Amino acid sequence: MDIFFQQIINGLVQGSVYALVALGYTMVYGILGLINFAHGEVVMIGAMIALTALQALLAAAFAPVLAVLFSLMIAMAVCMALGYSIERIAYRPLRHAPRLAPLITAIGVSIVLQNLAMMIWGREYHSFTLPFTSTSHHLGGAVMNDVQIGIVIVALVIMAGLMWLVHHTRTGRAMRAVAENPAAATLMGVDINRVISVTFMLGSALAAIAGFMVSANYGIVHYYMGFMLGLKAFTAAVLGGIGNLRGAMLGGVLLGLIESLGAGYIGDLTGGFLGSHYQDVFAFFVLIAVLVFRPSGLLGEKLAERA
Amino acid sequence: MTKTPLLEVQDLKVSYGGIQALKGISLTIAQGELVTLIGSNGAGKTTTLKALAGLLHPASGKVDYQDKSLLHIPAHQRVANGISLVPEGRGIFARLTVEENLLMGAYVRSDKTETATDLERQYALFPRLAERRTQLAGTLSGGEQQMVAMARALMSHPTLLMLDEPSMGLAPLMVEKIFETIRDISAQGVTILLVEQNAKLALEAAQRGYVLESGAITLSGAASELLGSDAVQRAYLGA
Ligand SMILES: Nc1ncnc2c1ncn2[C@@H]1O[C@H](COP(=O)(O)OP(=O)(O)O)[C@@H](O)[C@H]1O
Ligand SMILES: [Mg+2]
């Protein structure tokens, strides 16, 4: 029972991160019908920038809380600029190209960013430690620390804010209009290029926050961290129904839970044959199962609509 | 009666790949006029409106609006200049509510109180939409969707309103209602370019008309004259 409760907590924490990253995939897909496979690398760049900024700010004797806050803001700003540039440079010229072209380009961008990060930050693991102690709280037999509580709360606030933006502001309305019918949105006076840029920047800001969160939670950053995280968040987006914002959030949390419960019990299930380091397989079981049995995802509409 | 032309199109040519859909058409519309462009399926009516709205780029020709060339103004900026197109098939946002659709029409307008007044004005013009303001537009009937499309276009305060086959696919009673509304809008001083396959209705509503055939204008004149002409009678009115 204690393991169960603990894995639920771990799953919610990890799921919050997946949800934020999945939102980036799903927003871009909703508007462009493009799977931005470079999105995972944006998360990684966010983590790296946050690390560098945090170290620099602490070295400059900033108060710990301010250093954390500013480093997050710097990471968000850099990622927004990065997301904007990726769209402008790599995807926009291919707006009317066959769908395979931007997909291959996305993989190319991903490789470029990984190598760039490797050149700047090296191949080694860097430790990411917050400048304050994270107290552990005992809930029944399970443990949850301040960082984990922070992750869940911040993720909830961000997601609520995003939903408000999309459903109750002029820009959000324009985003939904462009997603549904770009030509008609143009006839309303919407500059769809601007809406697309805003979408990339929003998704990238969420990616930076997610990058900060995983780093703070695991205490480690690495130039390759975006790959698996991106793949899993993409899985979460597909699970929820790609293109659907609520689906991305639901898919993220569900995938986090499935993964951590799976990891918690895989030893028992296989009689000790497979250990918890096999947790990654669950995400891909989920991906395959969704693609086979419900390609439109849990909350998605028929895929044909956008194909 | 010399009215200043609001829109002047000269020798407009538009191609899709290698296929020339408009072979050099010319037309003028004066401020406040209701002009119709009629022609059979595939004549190039939609192509004309899309080129005027900026969704298609002409190969050559001149398009002057309020004495300034439109050719290098991107589509989304033409709305702010007062040019609004209700596209063929209506182009409503099915997953937005009726009210959100109308607010999209006011996207280029910044005055919030004015937008609220405009909303009420549209609801007065189309009481049916007022009842359905919180409903997703995709759940509406075809006629109601046409009302949404027209009300949405009016939300931008157009100087030139272009309508692409507003009667398409609608029941006769609804067609009548839509045409009644077009006359109302025209009476309020909005300049209208009406594209229709229903030549009789269009010519009865309009002051002047152009007949488009295979990408070229073959006839033009006062609507009443066109309505009486043998050529139009034979080709479009089944007489
Ligand atoms: N997207 C397109 N690609 C190629 N040809 C097109 C396209 N749209 C229209 N056409 C052609 O251009 C001509 C004019 O079409 P259109 O303007 O839609 O006519 P109308 O609105 O009068 O029915 C037709 O021959 C049509 O087949
Ligand atoms: Mg047409």
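Reading the values: the criteria
- Residues numbered from 1 in each chain as written.
- Chains lettered and ligands numbered in written order.
- Predicted model: local features only at pLDDT ≥ 70, side-chain atom pairs only at ≥ 80, totals over all residues.
- Heavy atoms only, no water.
- Helix = DSSP H or I, 4+ residues; strand = E, 2+ residues; numbered from the N terminus.
- Rg over C-alpha atoms; globule rule 2.2 N^0.38 Å.
- Buried < 20%, exposed > 50% of the residue type's maximum accessible area, 1.4 Å probe, protein only.
- Contact = heavy atoms within 4.5 Å.
- Areas by Shrake-Rupley, 256 points an atom, 1.4 Å probe, with all protein chains shown as cover.
- Lys, Arg positive; Asp, Glu negative; His and termini not counted.
- Charge placed at Lys NZ, Arg CZ, Asp CG, Glu CD.
- Pairing = 2+ DSSP bridges.
- Axes fitted to C-alpha atoms, helices over the stretch in contact; angles between N-to-C directions.
- Donors = N, O, S within 2.8 Å, 3.2 Å for Na, K, Ca; no water.
- Near = heavy atom within 4 Å.
- Polar contact = N/O pair within 3.5 Å; in protein donor to acceptor, adjacent residues only side chain to side chain.
- Nonpolar A, V, L, I, M, F, W, Y, C, P; charged D, E, K, R; others polar.
- Left-handed = near helix turned anticlockwise from the far one by under 90°.
- pLDDT = per-residue confidence, 0-100.
- Right-handed = clockwise from strand over helix to strand, strands pointing away.
- Salt bridge = Lys/Arg side-chain N within 4 Å of Asp/Glu carboxyl O.
- Core = buried A, V, L, I, M, F, W, Y, C linked by side-chain atoms within 4.5 Å.
- Buried area = accessible area lost by both parts, 1.4 Å probe.

A. The arrangement of the overall build of chain A in detail. On a plain count of helices and strands, chain A comes out with 11 helices and four strands. Against the compact-globule benchmark of 19 Å for 307 residues, chain A has a radius of gyration of 19 Å, which places it among compact chains. Overall, the C-alpha framework of chain A stretches about 60 × 50 × 35 Å when taken along its three principal axes. Taken across its 307 residues, chain A has 51% of its residues classed as buried. When contacts within chain A are restricted to residue pairs at least 6 apart in sequence, those whose partners lie at least 24 apart make up 76%. Working note: accessible area of chain A is about 13600 Å², and carbon and sulfur atoms make up 71% of it. Looking at chain A, you have 14 positive and 12 negative side-chain charges, and the mean spots of the two groups are 14 Å apart.

B. Local environment of the sheet that holds strand 3 (residues 34-38) of chain B. All names here are of chain B. The six strands are arranged 6-7-8-3-9-10 in an open sheet whose pairing can be described as mixed. Since the sheet does not close on itself, it has two edges, and those belong to strand 6 (83-86) and strand 10 (216-222), each with one partner. Strand-to-strand twist of the sheet, defined as the mean angle between neighbouring strand axes without regard to direction, takes the value 15°. Pairing of strand 3 with strand 8 (residues 191-196), which is carried by five bridges, proceeds in the parallel orientation. What sits directly across from Ile38, in strand 8, is Glu196. Of the strands in this sheet, strand 3, strand 6, strand 7 (160-164), strand 8 and strand 9 (208-213) are in contact with helix 1 (residues 45-53), which crosses strand 7 at around 150°.

C. Structural detail: the side chain of Asp64 of chain B. Position of Asp64 of chain B relative to the elements: it lies in strand 4 (residues 60-65). If sequence neighbours within four positions are ignored, Asp64 of chain B has contacts with Leu6, Leu7, Glu8 and Ser69 of chain B.

D. Spotlight on the coordination of the magnesium ion (ligand 2). Residue and element names in this part refer to chain B. Donor atoms from the polypeptide that bind the magnesium ion (ligand 2) are Thr46 (OG1) and Glu88 (OE), placed at 2.0 to 2.2 Å. With Thr46 in helix 1 and Glu88 in the loop between strand 6 and helix 3 (98-105), this pair connects stretches of sequence that are 42 residues apart. Its relative accessible area of 37% is what places Glu88 among the partly exposed residues.

E. Local environment of the site of ligand 1. Residues and elements named next belong to chain B. Around ligand 1, the neighbouring residues are Tyr16, Ala21, Ser40, Asn41, Gly42, Ala43, Gly44, Lys45, Thr46 and Thr47. Here an oxygen atom of ligand 1 sits 3.2 Å away from a polar atom, N or O, in the side chain of Asn41. In this structure, an oxygen atom belonging to ligand 1 sits 2.7 Å away from a main-chain N or O atom of Gly42. Notes on ligand 1: free accessible area 560 Å², of which the protein chains cover 59%. The biggest single contributor to the shell around ligand 1 is helix 1, with three residues. The residue inventory of the shell around ligand 1, partitioned by class, reads three nonpolar, six polar and one charged.

F. Structural view of the packing of helix 3 of chain B against helix 6 (residues 142-154) of chain B. Residue and element names in this part refer to chain B. Interhelical geometry of helix 3 versus helix 6 gives an angle of 35° and a closest axis separation of 7 Å. You can see that helix 3 and helix 6 cross each other, and the crossing is right-handed. Every residue of helix 6 that contacts helix 3 at Val98, Asn101, Leu102 and Gly105 is listed here: Val148, Ala151 and Arg152. Residues that form the contact of helix 3 with helix 6 fall into these classes: four nonpolar, two polar and one charged.

G. Focus on the confidence of the model for chain A. Summarising the model, chain A shows a mean pLDDT of 93, and 98% of its residues fall at 70 or more. Note that pLDDT drops below 50 for residues 303-307 of chain A; the model gives that stretch 11 contacts with residues more than four away or on any other chain.

H. Representation of the pairing of strand 8 of chain B in the model. Residue and element names in this part refer to chain B. The element strand 8 is largely enclosed, with a buried count of six among its six residues. Residue alternation in strand 8 divides its side chains into two sets, Thr191, Leu193 and Val195 and Ile192, Leu194 and Glu196, and both sets are buried. Bridge count between strand 7 and strand 8: five bridges; the pairing is parallel. Looking at strand 8, one finds that Met162 is bridged to Leu193. For the handedness criterion, the β-α-β arrangement of strand 7, helix 7 (residues 172-187) and strand 8 is classed as right-handed.

I. Representation of the pattern of salt bridges in the model. Scanning all chains against the criterion turns up 18 salt bridges over all chains. For the salt bridge of Glu100 of chain B with Arg176 of chain A, the shortest nitrogen-to-oxygen distance reads 2.9 Å. Of the two residues, Glu100 of chain B sits in helix 3 while Arg176 of chain A sits in helix 6 (residues 170-180), which places them in two different chains. Judged by relative accessible area, Glu100 of chain B falls into the buried class, the value being 14%. Residue classification places Arg176 of chain A among the buried residues on the basis of a relative accessible area of 15%. Look at the salt bridges and you will find they share partners, linking Arg109, Glu114, Asp118 and Arg121 of chain B into a network.

J. Seen up close, the nonpolar core. In terms of nonpolar packing, the biggest core is built from 125 residues, with Val190 of chain A together with Leu7, Met104, Met162 and Leu193 of chain B touching the most fellow members. No other element matches the 14 residues that helix 1 (residues 2-32) of chain A contributes to this core. With residues up to four places along the chain from it excluded, the contact list for Leu193 of chain B reads Ile29, Val35, Leu37, Leu49, Leu52, Leu160, Leu161, Met162 and Leu163 of chain B. Counting 43 residues, the second largest nonpolar core, distinct from the first, contains Val98, Leu140, Ala149 and Leu161 of chain B.

K. Structural view of the sheet that holds strand 4 of chain B. Residues and elements named next belong to chain B. Read from one edge of the open sheet, four strands run 2-1-4-5, paired in antiparallel fashion. The open sheet has two edge strands with one neighbour each: strand 2 (19-30) and strand 5 (68-69). Note that strand 1 (residues 5-16) and strand 4 share five bridges and pair antiparallel. When the bridges of strand 4 are listed, Leu7 appears paired with Tyr65. Strands in contact with helix 1 are strand 1, strand 2 and strand 4; relative to strand 1, the strand with the most contacts, it is inclined by about 115°.

L. Structural detail: the interface of chain A and chain B. Counting residues at the interface gives 20 residues for chain A, matched by 20 residues for chain B. In this assembly, chain A packs against chain B so that about 2000 Å² is buried in total across both faces, 60% of it on carbon and sulfur atoms. Of all residues in chain A, the largest losses of buried area upon contact with chain B belong to Glu180, Leu187 and Met188 of chain A, amounting jointly to 38% of the total for that side. Connecting chain A to chain B are two salt bridges. For Arg95 of chain B, the salt bridge goes to Glu180 of chain A, with nearest N and O atoms at 3.8 Å. Inspection of the chain A/chain B interface yields four residue pairs in polar contact (both at pLDDT 80 or more). Where the side of chain A that touches chain B is concerned, the elements lending two or more residues are helix 6 and helix 7 (182-187) of chain A. Here the element with the most residues in the side of chain A that touches chain B is helix 6 of chain A; it accounts for six residues. When the residues that make up the side of chain A that touches chain B are grouped by side-chain class, the tally is eight nonpolar, four polar and eight charged.

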